[in-house]
Amino acid sequence: MPSESSNKPAGRPGGNSQRAETIFRSLATAAGATIVAAIALIALFLLIRAVPSIAANKANFFGSAEFNVGNADDMHFGIRDLFMVTVLSSLLALLIAVPLGVGIALFLTQYAPKVLARPFTMLVDLLAAVPSIVFGLWGFLVLAEKLAPFEQFLNDNLGWFFLFSQGNVSISGGGTIFTAGVVLAVMILPIITSVSREVFQLTPRAHVEAAQALGATKWEVVRMTVLPYGRSGVIAGSMLGLGRALGETIAVLLVLRTAAKPGSWSLFDGGYTFASKIAAAASEFSQALPTGAYIAAGFVLFALTFVVNALARIAAGGKVNG
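Residues numbered from 1 in each chain as written. Predicted model: local features only at pLDDT ≥ 70, side-chain atom pairs only at ≥ 80, totals over all residues. Heavy atoms only, no water.

**A word on the overall build of the protein**
Selection criterion: Only DSSP runs of H or I with at least four residues qualify as helices, and only runs of E with at least two residues qualify as strands; both kinds are numbered from the N terminus onward. In this setup the radius of gyration rests on C-alpha atoms only. A globule is expected at 2.2 Å times the number of residues raised to 0.38. With a 1.4 Å probe rolled over the protein chains alone, any residue whose accessible area is under 20% of its type maximum counts as buried; one over 50% counts as exposed, and the rest are partly exposed.
Assigned secondary structure in the protein consists of 10 helices and 2 strands. Helices and strands in the protein line up, N terminus first, as α-β-β-α-α-α-α-α-α-α-α-α. In terms of overall dimensions, the protein is more spread out than a globule: its C-alpha atoms have a radius of gyration of 26 Å, far above the 20 Å expected for 322 residues. In terms of its C-alpha atoms, the protein occupies a principal-axis envelope of roughly 95 × 55 × 30 Å. Relative to its 322 residues, the protein shows a buried fraction of 40%.

This is the structure:
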């Protein structure tokens, strides 16, 4: 006779499994809610501290290039130049780093033999561990001097275009947005390369073999299968790199030279980014209203980062492959 236990239905989840599922779902939801709440609280804190200072501001916050908050009763500050320097240096870094990062990732995943790819991958990843102050010292002491002749060449031959026109600092010193952008490009290169490499490696083998069966060359395989599949991943890696470039502080503070005149949207301007301006004045945060002026600038950077990431999600189609 069949045993009594054999008559029990098999595969039905028990009460313990259901409780475990409920607990796991609750923990996952709480973790997600914690991140959202933390971001919302940060934004609320910045906004609360910034509003009184903006109300006391006697200049156009968005249009003024002046940033004078020494006297709490007579503050004139604006983010025009901070926004300009931040955007130009970050976009230049992205323009340099993305093609290089994608090219390195394609080489490591599609062309390089394993005996070469492994040590080369480790070398690129180690570059991400270099402290930002080292990049800043390298940019200030070495790179600025080397780039100055090239910057002067661009200014002499392409000065009719506003990006290469004469800026508000001397090109000979090298402490320009152009130099800062190159330094930032080196700093974000490992991030873009690493993410792109991981996504390219996940390209379905069936897609690659199908292209090869049609007689595609190596480049055609890359163009028709690897790059389309990894597009969203490359965008995601680029946005991670852009996030670091937007918020980089010490390296930019060391490289960029301060300017006495407002900028003109030239790559040969000097000045401060949002992050470097806040860091340079951090030791003077003793009064509420002047401190709130820098917090207001930080809030704009906070909002700018959100806008950039939202645009990246739209460009990636709302998902990241892999």
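We are not done yet, so read on.
**A word on the pattern of salt bridges**
A side chain of one charge can pair with a side chain of the opposite charge when the charged atoms of the two come close. So the rule is basically this: Counted as salt bridges are all cases of a side-chain nitrogen of Lys or Arg within 4 Å of a carboxyl oxygen of Asp or Glu.
Applying the stated criterion to the full structure yields 7 salt bridges. Here E21 and R25 are joined by a salt bridge, their closest N and O atoms 3.6 Å apart. Of the two residues, E21 and R25 both sit in helix α1 (residues 15-56), 4 residues apart, roughly one turn of that helix. Here D125 makes a salt bridge to R197, at a shortest N to O gap of 3.7 Å.

**Description of the packing of aromatic side chains**
Selection rule: Between rings of Phe, Tyr and Trp, where Trp is taken as its six-membered ring, a pair exists when centres lie within 6.5 Å; planes separated by under 30 degrees are stacked, by over 60 edge-to-face, and by other angles tilted. Only Lys NZ and Arg CZ are tested; either one counts as a charge over a ring when it is within 6 Å of the ring centre and within 35 degrees of the ring normal.
For the coordinates displayed, the defined rule picks out 14 aromatic pairs. Arranged with centres 6.2 Å apart and planes meeting at 75 degrees, the rings of F107 and F120 form a pair that is edge-to-face. Residue F107 is located in helix α2 (residues 80-111), and its partner F120 is located in helix α3 (residues 114-127); the two are separated by 13 residues in the primary sequence. Here F150 and F178 contribute two aromatic rings whose centre-to-centre distance is 6.0 Å and whose plane-to-plane angle is 55 degrees, an arrangement assigned as tilted. Placement of the pair is F150 in helix α4 (residues 132-158) and F178 in helix α5 (residues 177-201), with a sequence separation of 28 residues. Three or more aromatic residues joined by ring pairs form one cluster here, namely F150, W160, F161, F162, F164, F178 and F268. Sitting over the face of the ring of Y111, K218 holds its NZ or CZ atom 5.9 Å from the ring centroid.

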